Structures are given as C-alpha cells and as structure tokens.
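# Architecture at a glance
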Amino acid sequence: MCGIIGFVGKKSASPILLEGLRRLEYRGYDSAGVALLHEGSLLVRKKKGKINDGLARLLKSEPVKGSLGIGHTRWATHGAPSDKNSHPHLDQSGKISVVHNGVIENYDSIKQKLLNNGHVFKSDTDTEILAHLIGEYYEKRRTKNGWGEHPREPKASDGSGLSGASPHQTNGNGENPLTLAVCDALREVIGTYGLAVICAEQPNTIVTARRGSPLIIGIGNGENFIASDANAIVAHTKKVVYLNDYDVATITPERFDVLNLGTDTANVQISKLEFDAEDAQRGKHAHFMLKEIYEQPQTIANAVRGRLDFEGATARFGGLNMSIAELRGIERIVIAASGTSWHAALVGEYLIEELAQIPVEVEFAHEFCYRHAPLERDTVLLVLSQSGETADTLAALREAKRRGHRTLAIVNVVGSTIARESDGGIYMHAGPEVAVASTKAFTCTLLCTALLALNLGRVRDLSAADGKRLIAALGRIPDQIRQVLAERERIRQVAVKYMQRSSAFFIGRTHAYPVALEGAQKLKEISYRHAEAYQTSELKHGPLALISPDVPTVAIVPNDELLDRNIGALHEIAARSGPLYVVTHPGVQVPDGAAAVIVVPKNEPELDPILLTIPLQLLAYHASVALGHDVDKPRNLAKSVTVE
Ligand code: AGP
Ligand code: GLU
C-alpha cells in the first residue's frame, strides 16, 4: 500500500525521488526513504514519519548524490513504523537495496534458511528478508559457476525499439545478474510485491517486479522511471507501461526489458496518461479532500459526457464489451466492492433492481472469495473500485473469472489492474483522487452505476419515458451539486458545534441507507469520532437505547414514499432529546427543535443519493478540520489497499 518511485538517467535523482514520494504519500505514510547509487556506493536515507517532517529534513542535513535511485513511502505490515523498518532495505553484503510494497507470506521460513547461512537482520520487516534473499542469489549469479543454473529462463520482451538505444549491461548471455537474482528470489517467494531493486555493481540499472501490487514504467528521453502510481511521474512523462503480475523489468536510461515469470513472453504495451500533473495538485484549496468535494459538478458532468443516447433514451458505453443479446441474457448480478465502494454497490443494487429488474446481490469483496456461494450460470460479477488496485476487490474479480463468470468493473484509475483484468467496464473519469477519504469517486461510482442500470433497463422493460426522465435528471445534477456546495458555511457551523461529540448516528432507508453508511464512514475515517449507520426502521430494534442529548443523529430524509415513516422515527428521537441533523428535500416538515436542517435540491429518486451525500462529505471534512486532524492522510489508513 506504499508508494514506490525509481529514476535512472543523467539528472540528479534525489529531487525527483523526493517530489515523487510527496505525490505518493497519500498511499501510505508512516515512513519514507531513498537509496541512491553514487560512485559505486549505495547511499540510503530513511526516516519515520511524514515526508516533510522526516525524510525531507534528513535529506537537507545529509544530502545524497547520484542519478540512479529508488524511493518508498511505507504503510507498515511487518514491524512497527520506525527508522529501522523504513525502506529501502539492504542485503547482507550492503550492495543491494530494495523497496517493496506488499507482504511476503513465507518470510519466516526464508528467514530461517538465511539465518542458518549466517545472515544478520536489522529490521523486523518481511522486505529485508527478500533483500537478503536477492543478495544470496546475486552472489551465485555473478560468480561464473552460478550462471544459468535454472532449467528455464524466461524470455524477455524487448522494449528497446520503443525507447531506442543501446543494450543494457548484461552478464554476457543476454541477462543481467541482478535481474536473474530477482527472478530466482521471486520463484521462492509466496505473497505480493511491487518491488524495485538496485545494486552497487549495476550503476545504470533498476530491476522492478510486480505481483498483486501495481507498478508502471515511465518512458523518458534518455531517462526512465518506475512508480507504483502514475501521479508520481506524470510531471516527467506521459508514456507508460503497466506491468502485469509476474513481470520482471530491467530498466536503464535508454531501454527497458520485460520478462514474465509465468509465461514465455511478457505483454508490453505503451499507454498514454490522460491527466496532467496539475490535476493531482491541491491548487487553492486547503486540502485535497475539499478540492475533490468541489470538483464534483465537473466530475459528474465528465462521467456523463458522451454516454447519453437521447434518441434511444438510454446510456451507451464504449467498453462493456457485451452485445445487446448478452446484456439481455444477464440473469443476476453480484456486485463486489470494499469500503466506500461497497456503499456505492448498495445504491447500485437498488438502481439495477428498480430500473432493470435484474436481481442483484452485494458482497464485501473479501467475503465473496471465501463464501463459495452458489452462482447461477448467467451471473455477472460487477466490481466497483476507485483505485482499481484494491487487493480484496481484485481477488473477487479473479475468483469470479476462475469460475467462468463474466466480469465488469466501474473503475476510476485508467490502466489499473482491475481495469485491465475485467472483461469490460466503465471508467469514472473523476480524475486523480488523492485524499484518502473518497468523495468524488463515490459520487461518480453512483453516477456510473445509474448509467449502467439505465442501459440494462432499456434493453429490458424500462419505458422510453423513464429513460428520458433519467436523462433529463442527469443534466440537472452538476448545478444542483453547486447549490449544495453553497451551503458549506452552514454545514461547517453544524460540524464545529456538534460533530465534536464522541459518537453519532447516521440513519436512512432504501437509497438513503447507503448514504447514511457513507456519511458515518467519512466521519469515522477523518475525525476519528465513532459513528454508526442504521436503517432508520432498525433504530427502535436496539440502538434507540443510546439516544440521549449527547448522541447526535444525522438523518437522511428524502422526500419519497417513506417520508411519513421517516418523520415518525425523527419524532421518536426528538422525544428522547436526541439532537437531530436532518438532510432533506425542500418542503419537508421536520420535528420542531431539530438542531439543524440542511436542504438539498430534489432530483429523481435514482439520483438523489448523489446530492444527499455531499453535505455529509462537508460535515466530515469540517469536523476533521475543527478537530485539527490531518484531513487528507488519516491515521492508519492508506489510499490504495493492496494487501488482502
Ligand atoms: C474511502 O473513503 C476509503 N478510503 C476506503 O473505504 C475505500 O473506498 C476502499 O478501500 C476501497 O477502495 P477502492 O474504491 O479503491 O477499491
Ligand atoms: N511488508 C512491508 C513492510 O511492512 C511493506 C509494506 C508496504 O507495502 O508499505 O515493511
């Protein structure tokens, strides 16, 4: 879940690595470090804490030189966040340096073997074991008796024609000993990795590999980059290669070679990044989260653009890769997702069932893999993921594919693993989402799910009139979001006054229940206040016991067929002196004495959840700011959860 960056070229690597790490810090941030190669020696600097307080200061007082280097921001899995556990790690000889994202599951048995061989370890991490293992193999590979002792060497897919230039340093048989050592080590490893390795004896080479954790190569002119996330390198190049699982790449300033440990040849394709470095900058906003909340009128418009078929009163997509007959043939949809995307899945369930009359089941992605639930033959698995890299969600996708089901995905990050491995899908077009707490990606997921439901509905029994009703409603949303954003100051006052309580309830029904779940999650994530979401009607079955003047309730009360019942529940809360914050539609009469009423514009019921969510995003944001927390980088969390 960490970030990885690497540079090889002629420029000074240190500022490139540091800037790249800053752009990656949102992915994981308990420590950071770099290793550079200068005049035959590895120079390592690493420090616990956020980059500005830790590594950046260290690099000021102890600068490093060199035009080859790797860097890392860590999200600890093995060993506490500390200087010694920070990456990069060195092998026994001190010649090889490794940064790693993921988990080496069999690190204990490898460690025992290495201990028996006299290795001494300096950290508590699984990564250091891997560094030592690569080091052992490197020693074998560089001594002549060790060459080529493996029965089958994978064939490299040569990227040289793409970036031009001369061959990289080899051991004489077309392979670099560092690459071979990495391959040897990875054949022994069980687990997940995004990996970058440099060696004091290989002055122009980075070896990188992936399994279950994203890695891309950025192709420059006389220089090349590697990164776990395009954000880190988009300022330098837009030409990238997304590595696949089991790819091992050897990168020099002039070329890159990719081989695959599982197949004979690697599948190398050059893609173009579709965003600019500025898109991932905070701009005038105090935090990324606020910027992303404010981008929603635009992101929603982007997600709709080009996808409406006015004549057919439907939505159309370029990437579903399914014929109309196949779309009609879907018997059932299982939606698998995690966290906020799982909340979006619950809204998706309502939408697809209502508009397309296809039975839908929502699963936590991690449960889907282990429940072994029966799936009918014509079940499609739909996964939702902002990052397109969430390990749990990716595992669900792979499990469904393994069982022969068609898979679709709604994903934000273009070229991400889920986007590449699913049979078809829809991009959100929300642009880079940097704040750990997802906002614009959530509303774009709702939007894309609504478009999909419309499309599925229209190849079935949804009337053209209903299709047109939704299309007209989609056009109104951006302006309606702007109207909600204009309420920000009032929402801030509510947040400051009441959200500092230690606990809060969020309640809603049908479409509004997932909105309540999302509101509670946002508050928890960034304000560290306990918040719980309930179906409004469930309150009286237990949680009502907790209602008191100290426990505020945020009630999501759309003006829909359940309005009277919802208002009844609000009276039950008010009668027990529970402070009430009501997010509702114009004209709704809430009980007297409600602490605050936030009115959002009414749209069609299918699209109301998008608008009802926005005040809750602002509520959580301002609560976090009022409490003095780091809004964009909440403790213990990472943006992209690439470990299961
Ligand atoms: C959102 O605020 C959270 N940070 C988290 O729940 C997130 O939605 C979850 O980890 C899934 O991520 P994904 O959408 O990238 O798959
Ligand atoms: N497992 C490694 C560690 O704990 C890597 C963690 C990460 O992905 O940042 O150091």
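Just so you know, these numbers come straight off a predicted model, no measurement behind them.

How each quantity is defined
- Residues numbered from 1 in each chain as written.
- Chains lettered and ligands numbered in written order.
- Predicted model: local features only at pLDDT ≥ 70, side-chain atom pairs only at ≥ 80, totals over all residues.
- Heavy atoms only, no water.
- Helix = DSSP H or I, 4+ residues; strand = E, 2+ residues; numbered from the N terminus.
- Rg over C-alpha atoms; globule rule 2.2 N^0.38 Å.
- Buried < 20%, exposed > 50% of the residue type's maximum accessible area, 1.4 Å probe, protein only.
- Contact = heavy atoms within 4.5 Å.
- Areas by Shrake-Rupley, 256 points an atom, 1.4 Å probe, with all protein chains shown as cover.
- Lys, Arg positive; Asp, Glu negative; His and termini not counted.
- Charge placed at Lys NZ, Arg CZ, Asp CG, Glu CD.
- Core = buried A, V, L, I, M, F, W, Y, C linked by side-chain atoms within 4.5 Å.
- Domains from an automatic or database assignment.
- Buried area = accessible area lost by both parts, 1.4 Å probe.
- Salt bridge = Lys/Arg side-chain N within 4 Å of Asp/Glu carboxyl O.
- Near = heavy atom within 4 Å.
- Polar contact = N/O pair within 3.5 Å; in protein donor to acceptor, adjacent residues only side chain to side chain.
- Nonpolar A, V, L, I, M, F, W, Y, C, P; charged D, E, K, R; others polar.
- pLDDT = per-residue confidence, 0-100.
- Pairing = 2+ DSSP bridges.
- Axes fitted to C-alpha atoms, helices over the stretch in contact; angles between N-to-C directions.
- Expected span 1.5 Å × (residues − 1).
- Phe/Tyr/Trp six-rings, centres within 6.5 Å; stacked < 30°, edge-to-face > 60°.

## Some thoughts on the overall build of the chain
- Within the chain one finds 19 helices and 27 strands.
- For the chain, the C-alpha radius of gyration of 26 Å lies close to 26 Å, the compact-globule estimate for 644 residues.
- The proportion of buried residues among the 644 residues of the chain is 61%.
- Residue pairs at least 24 apart in sequence account for 73% of intrachain contacts in the chain once pairs closer than 6 positions are excluded.
- Total accessible area on the chain stands at roughly 23,900 Å², and carbon and sulfur atoms take up 48% of it.
- A gap of 4 Å separates the mean positions of the 71 positive and 74 negative side-chain charges of the chain.

## Focus on the nonpolar core
- In this structure, Ile 333, Ile 335, Ile 352, Leu 382, Leu 456, Phe 506 and Ile 556 are the most contacted members of the largest nonpolar core, which totals 97 residues.
- It is helix 14 (residues 440-458) that provides the largest number of residues to this core, a total of 12 residues.
- Shared between two domains, this core holds at least three residues of each, these being domain 2 (281-483) and domain 3 (487-644).
- Setting aside residues no more than four positions away along its own chain, Leu 382 makes contact with Ile 333, Val 334, Ile 335, Ala 336, Ile 352, Leu 408, Ala 409, Ile 410 and Leu 452.
- If you look at the next biggest cluster of nonpolar residues, it comprises 29 residues, including Ile 129, Leu 130, Tyr 138 and Ala 185.

## Topic: the domain arrangement of the chain
- Here the chain is described as being made up of domain 1 (3-272), domain 2 (281-483) and domain 3 (487-644).
- Each of domain 1 and domain 2 has a C-alpha centre, and these two points are 34 Å apart.
- Across the domain 1 to domain 2 interface the summed buried area is about 860 Å²; carbon plus sulfur atoms make up 43%.
- Across the salt bridge formed by Arg 398 and Asp 245, the nearest N and O atoms sit 2.8 Å from each other.

## As for the side chain of Asp 126
- Position of Asp 126 relative to the elements: it lies in helix 4 (residues 126-142).
- Non-local contacts of Asp 126, meaning those with residues more than four positions away in its chain, are made with Thr 77, His 78, His 100, Gly 102, Val 103, Ile 104 and Tyr 107.

## Describing the pattern of salt bridges
- Evaluated as defined, the whole model comprises 35 salt bridges.
- Its salt-bridge partner being Asp 83, residue Lys 47 comes within 3.1 Å of it at the nearest N-O pair. Residue Lys 47 is located in strand 3 (residues 41-48), and its partner Asp 83 is located in the loop between strand 4 (68-74) and strand 5 (89-90); the two are separated by 36 residues in the primary sequence.
- Exposure remark for Lys 47: the relative accessible area of 30% places this residue in the partly exposed category.
- Overlapping salt bridges bring together Arg 332, Glu 361, Glu 363, Arg 371 and Glu 376 as one network.

## Observations concerning the site of ligand 2
- Taken together, 15 residues lie near ligand 2, and Arg 74, Thr 77, His 87, Gly 102 and Asp 126 sit nearest.
- The separation between an oxygen atom of ligand 2 and a polar side-chain atom of His 87 is 2.7 Å.
- Asn 101 is positioned with one of its side-chain polar atoms (N or O) 2.9 Å from an oxygen atom of ligand 2.
- Coverage of ligand 2 by the protein chains reaches 100% of its 290 Å² of free accessible surface.
- When contributions to the shell around ligand 2 are tallied by element, the ones reaching two or more residues are strand 4, strand 6 (96-101) and helix 4.
- Within the shell around ligand 2, the residues separate by chemical class into four nonpolar, nine polar and two charged.

## Concerning the site of ligand 1
- Residues in contact with ligand 1 amount to 15 residues; listed here are only the nearest, Ser 341, Ser 385, Gln 386, Ser 387 and Thr 390.
- At 2.7 Å from an oxygen atom of ligand 1 is found a side-chain nitrogen or oxygen belonging to Ser 387.
- In the complex, 91% of the free accessible area of ligand 1, which totals 410 Å², lies under the protein chains.
- Within the residue set of the shell around ligand 1, elements represented by two or more residues are helix 10 (339-356) and helix 17 (512-527).

## Re the confidence of the model for the chain
- With 94% of its residues at a pLDDT of 70 or more, the chain shows a mean pLDDT of 91.
- Confidence drops under pLDDT 50 across residues 158-174; counting only partners more than four residues distant or on other chains, this segment forms 37 contacts.

## Details of the sheet that holds strand 15 (residues 270-272)
- A sheet is described by the order of its strands in space; here eight strands give the open sequence 3-2-4-1-11-10-12-15, paired in antiparallel fashion. At either margin of the open sheet sits one strand with a lone partner, and together these are strand 3 and strand 15. Within the sheet, the average angular offset between the axes of one strand and its neighbour, ignoring direction, is 20°.
- Bridge count between strand 1 (residues 3-8) and strand 4: six bridges; the pairing is antiparallel. In the strand pairing of strand 4, Ile 5 is matched with Gly 71.
- Of the strands in this sheet, strand 1, strand 2 (31-38), strand 4 and strand 11 (224-227) are in contact with helix 1 (residues 13-24), which crosses strand 1 at around 160°.

## Considering the sheet that holds strand 19 (residues 360-364)
- One open sheet holds the five strands; their spatial order is 19-18-20-21-22, and the pairing between them is parallel. Whereas interior strands pair on both sides, the edge strands pair on one side only; in this sheet they are strand 19 and strand 22 (424-427). Neighbour-to-neighbour, the strand axes of the sheet open up by a mean angle of 20°, direction not taken into account.
- Relative to strand 21 (residues 406-411), strand 20 (residues 379-385) runs parallel, the two being bridged by six bridges. Residue pairing in the sheet places Val 380 in a bridge with Arg 406 of strand 21.
- Those strands touched by helix 10 are strand 18 (332-337), strand 19 and strand 20, and its axis lies near 175° from that of strand 19.

## Section: helix 19 (residues 608-626)
- Over its 19 residues, helix 19 extends 28 Å from the first C-alpha to the last, a length consistent with the 27 Å expected when each residue adds 1.5 Å.
- Taken across its 19 residues, helix 19 has 17 buried, putting it largely inside the fold.
- At the exit of helix 19 stands Gly 628, carrying a positive phi of roughly 75°.

## Regarding the packing of aromatic side chains
- Taken as a whole and judged by the stated rule, the model has three aromatic pairs.
- Taken together, a centroid distance of 5.2 Å and an interplanar angle of 50° make the contact between Phe 7 and Phe 225 tilted. Of this pair, Phe 7 sits in strand 1 while Phe 225 sits in strand 11, and the two are 218 residues apart along the sequence.
- The class for Phe 7 is buried, based on a relative accessible area of 0%.
- For the pair Phe 505 and Tyr 534, a centre-to-centre distance of 5.8 Å together with 65° between the ring planes defines the contact as edge-to-face. Here Phe 505, found in strand 23 (residues 503-508), pairs with Tyr 534, found in strand 24 (residues 530-535); they are 29 residues apart in sequence, far enough to count as distant.

## A short note on the pairing of strand 11
- Residue alternation in strand 11 divides its side chains into two sets, Asn 224 and Ile 226 and Phe 225 and Ala 227, and both sets are buried.
- Bridge analysis of strand 1 against strand 11 gives four bridges, and the strand direction is antiparallel. Considered in strand 11, the bridge of Phe 7 is made with Phe 225.
- Joining the antiparallel neighbours strand 10 (residues 216-219) and strand 11 is a turn of four residues, in which Gly 222 adopts a positive phi near 70°.

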